[in-house]
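Below, each chain spelled out in residue letters.
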Protein chains: 2
Amino acid sequence: MIEGRLFVISAPSGAGKTTLLKRVMERVSGLSFSVSHTTREPRDGEEEGVDYHFISQTVFLDMIEKGLFLEYAEVHGNLYGTSHQSVLEQLKKGIDIVLDIDVQGASIVRGSDALTGAHIFIAPPSLAELERRLRGRDTESEKHVRVRLENAVIEMQDACKYDYLIVNDQLDQTVDLFTAIIWAERARSHRFPSGKPITGIVK
Amino acid sequence: MIEGRLFVISAPSGAGKTTLLKRVMERVSGLSFSVSHTTREPRDGEEEGVDYHFISQTVFLDMIEKGLFLEYAEVHGNLYGTSHQSVLEQLKKGIDIVLDIDVQGASIVRGSDALTGAHIFIAPPSLAELERRLRGRDTESEKHVRVRLENAVIEMQDACKYDYLIVNDQLDQTVDLFTAIIWAERARSHRFPSGKPITGIVK
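Going along each chain's sequence as written, the residues are numbered from 1 onward. Numbering of ligands from 1 and lettering of chains from A proceed in the order in which they are written. Only residues with pLDDT of at least 70 get local features here, since the model is predicted, and only at 80 or more are side-chain atom pairs given and counted; chain-wide, interface and lining totals rely on the full set of residues.

**Focus: the overall build of chain A**
Helix and strand counts for chain A stand at seven helices and ten strands. Taken over the C-alpha trace, chain A has a radius of gyration of 18 Å; the compact-globule value for 203 residues is 17 Å, and the two agree within 12%. For chain A, the spread of C-alpha atoms along the three principal axes comes to 55 × 45 × 35 Å. Here chain A, with 203 residues, has 36% of them falling under the buried criterion. Put simply, 69% of the contacts in chain A that link residues at least 6 apart link residues at least 24 apart. Helix and strand assignments come from DSSP, with helices taken as H or I runs of at least 4 residues and strands as E runs of at least 2, each series counted from the N terminus. The globule rule is 2.2 Å times the number of residues to the power 0.38, and the radius of gyration it is compared with is taken over C-alpha atoms. Once C-beta atoms are placed from the backbone, each residue is buried if 20 or more other C-beta atoms lie within 10 Å of its own, exposed if 12 or fewer, and partly exposed for counts between those two. Contact between two residues is assigned whenever their backbone-derived C-beta positions fall within 7 Å.

**Considering the sheet that holds strand β3 (residues 36-38) of chain B**
As a general point, the strands of a sheet are linked pairwise by backbone hydrogen bonds and lie either parallel or antiparallel. Residue and element names in this part refer to chain B. Pairing within the open sheet is mixed, and its four strands lie in the order β4-β3-β6-β5. At either end of the open sheet lies a strand with only one pairing partner, and these are β4 (52-54) and β5 (69-75). Adjacent strand axes in the sheet meet at a mean angle of 25°, parallel and antiparallel pairs treated alike. Only the contacting stretch of a helix is used when fitting its axis, a line to C-alpha atoms as for every element, and angles between N-to-C directions run 0 to 180 degrees. Set on the sheet, helix α2 (residues 57-65) makes contact with β3, β5 and β6 (78-83); between it and β6 the angle comes to about 45°. By this definition, two strands are paired if DSSP reports at least two bridges between them.

**Things to note about the nonpolar core**
Counting 86 residues, the largest nonpolar core has L99, I120 and I181 of chain A together with L99, I120 and I181 of chain B as the members making the most contacts within it. Residues contacting L99 of chain A, with those up to four places away along its chain left out, are L6, F7, V8, I9, S34, T82, V87 and V109 of chain A. Only buried residues count toward a nonpolar core: Ala, Val, Leu, Ile, Met, Phe, Trp, Tyr and Cys, linked into one set through C-beta atoms within 7 Å.

**Section: the confidence of the model for chain A**
All names here are of chain A. Note: pLDDT gives the predictor's confidence per residue, expressed from 0 to 100. In this model, chain A carries an average pLDDT of 88, and 91% of its residues clear a pLDDT of 70 or more. At the low end of the mean pLDDT range in chain A sits strand β10 (residues 198-199), at 48; at the high end sits helix α2 (residues 57-65), at 96. Note on residues 193-198: pLDDT is under 50 here. Beyond four places in sequence and across chains, it has eleven contacts.

**Describing unusual backbone geometry**
Residues and elements named next belong to chain A. Non-glycine residue H76 carries a positive phi angle of around 50°. Structurally, H76 is set in the loop between β5 (69-75) and β6 (78-83). Classification of H76 as exposed rests on a count of 6 C-beta atoms within 10 Å.

**Notes on the sheet that holds strand β3 (residues 36-38) of chain A**
Residue and element names in this part refer to chain A. Read across the sheet, four strands follow the order β4-β3-β6-β5 without closing on themselves; strand pairing throughout is mixed. Taken across any chain shown, the strands that pair with only one partner, and hence form the sheet edges, are β4 (52-54) and β5. Pairwise comparison of adjacent strand axes, ignoring direction, gives a mean angle of 25° for this sheet. In terms of strand pairing, β5 meets β6 through six bridges, oriented antiparallel. What sits directly across from E71, in β6, is T82. Contacts from α2 reach β3, β5 and β6 within the one sheet, and its direction differs from that of β6 by about 45°.

**Let's talk about the environment of Q173 of chain A**
Among the structural elements, Q173 of chain A can be located in helix α7 (residues 171-186). Here the alpha-carbon distance between Q173 of chain A and I101 of chain A, two residues 72 residues apart in the chain, equals 22 Å.

**Re the packing of helix α1 (residues 17-27) of chain A against α7 of chain A**
Two quantities define a packed helix pair, namely the angle between the helix axes and the distance between the axes. All names here are of chain A. Between α1 and α7, the least distance of the axes is 10 Å, while the angle of their chain directions is 55°. Here α1 is positioned oblique relative to α7, judged by the angle of their axes. By crossing handedness, the relation of α1 to α7 is classed as right-handed. Between α1 and α7, the contacting residues are T19, L20, R23, V24 and R27 on the first element and L171, T174, V175, F178 and T179 on the second. Here the word oblique covers every angle except those under 35 degrees (roughly parallel), over 145 (roughly antiparallel) and from 65 to 115 (roughly perpendicular). Handedness of a crossing follows from how the near helix is turned relative to the far one, being left-handed for an anticlockwise turn of less than a right angle and right-handed for a clockwise one.

**Structural notes on the environment of T19 of chain B**
In this structure, T19 of chain B sits in helix α1 (residues 17-27). Between the C-alpha atom of T19 of chain B and that of L171 of chain B, which follows or precedes it by 152 residues, the distance is 8.6 Å.

**Observations concerning the pairing of β6 of chain A**
Residues and elements named next belong to chain A. The pairing of β3 with β6 spans two bridges and is classified as antiparallel. Bridging from a neighbouring strand, T38 pairs with Y80 of β6. Between β5 and β6, which pair antiparallel in sequence order, lie two residues; one of them, H76, sits at a positive phi of approximately 50°.

**Observations regarding the environment of V109 of chain A**
All names here are of chain A. Tracing the backbone through its elements, the reader meets V109 in helix α4 (residues 103-110). The spacing of V109 and S141 is 32 residues in sequence and 33 Å in space, taken between C-alpha atoms. The contacts of V109, once residues within four sequence positions are left out, are V8, L70, L99 and L115.

Here you go:
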């Protein structure tokens, strides 16, 4: 049975991951974000199991207790988390998944036998450039910039544990390279136990 | 020390490998074919160690005897061969090498601890299409077409041993995908023991 491919992406804050992923998702078809769990109410048009798994706070806290989340966080009083099981379910449907996760979460994924995938680390060109980008965001206080830079130094130490390392210097080039990695991973022959390879580029 | 990357390419005759490699080499910089040994005389402008390693028949036969070739063949009375050592020397200079070699040669490379690389198999869309392409070459006799088709069936059985499998249906798409694989391999972080990753796409 051919399952979906898992792309695990991490980057220090300010490396440009959000913009990069938006551009890549627009360009490459057949690629979805993982479906998170949340305790917030569904908004109009949001679908259970597609946009989110909507669960109660009691269930969420119980899932934390049982260690079912790869990562979770509280945002504006609501809980959000990515569960091991929900990623697995999407992969089993044959969907290629982008899992945007921090270095701790990625480390948990690497420790999982079931969640094999291509791990990609997005790095800023330099710490000086990262600092320039963070200061360019008017919303960041001096204290926040410092904390983010210190975290970046720690996170960069994990870069070598990833399969791919991309320096986001010029965004267009980074989008090209990220897309190239997805195409290459889709052409990996261990993905085709039946011996049925892909034809050209699957966009 | 960062060495060059090795790209091992095999394909059944008629799959379109020669045209494909020509297009890819024109497009991607920093990529060279491996330097072969030959017993033929150097032509004007040909340089020892760049175009070929020019050696005598005695030395060539001695190298065969010692098992130093990954593959060799006689063409118009001259001997040509690819030695393990010459590929290694190019890689040590930091040059990315394309090794265009048959499935037996690729198998020897996979058995070598020193020659690690990305193995790419180029397949025709189908045997029927391969037959059509081979018959399209006016130079091929019926007997030769049969032999090539029979060989293709045998060679295709090795496809799953390669890291990547590309079906050459539309040449432009195949060139794009092949190029994507080279870029992706260049972004593999195990290539950067010093922790120094690449910036965007290295063309």
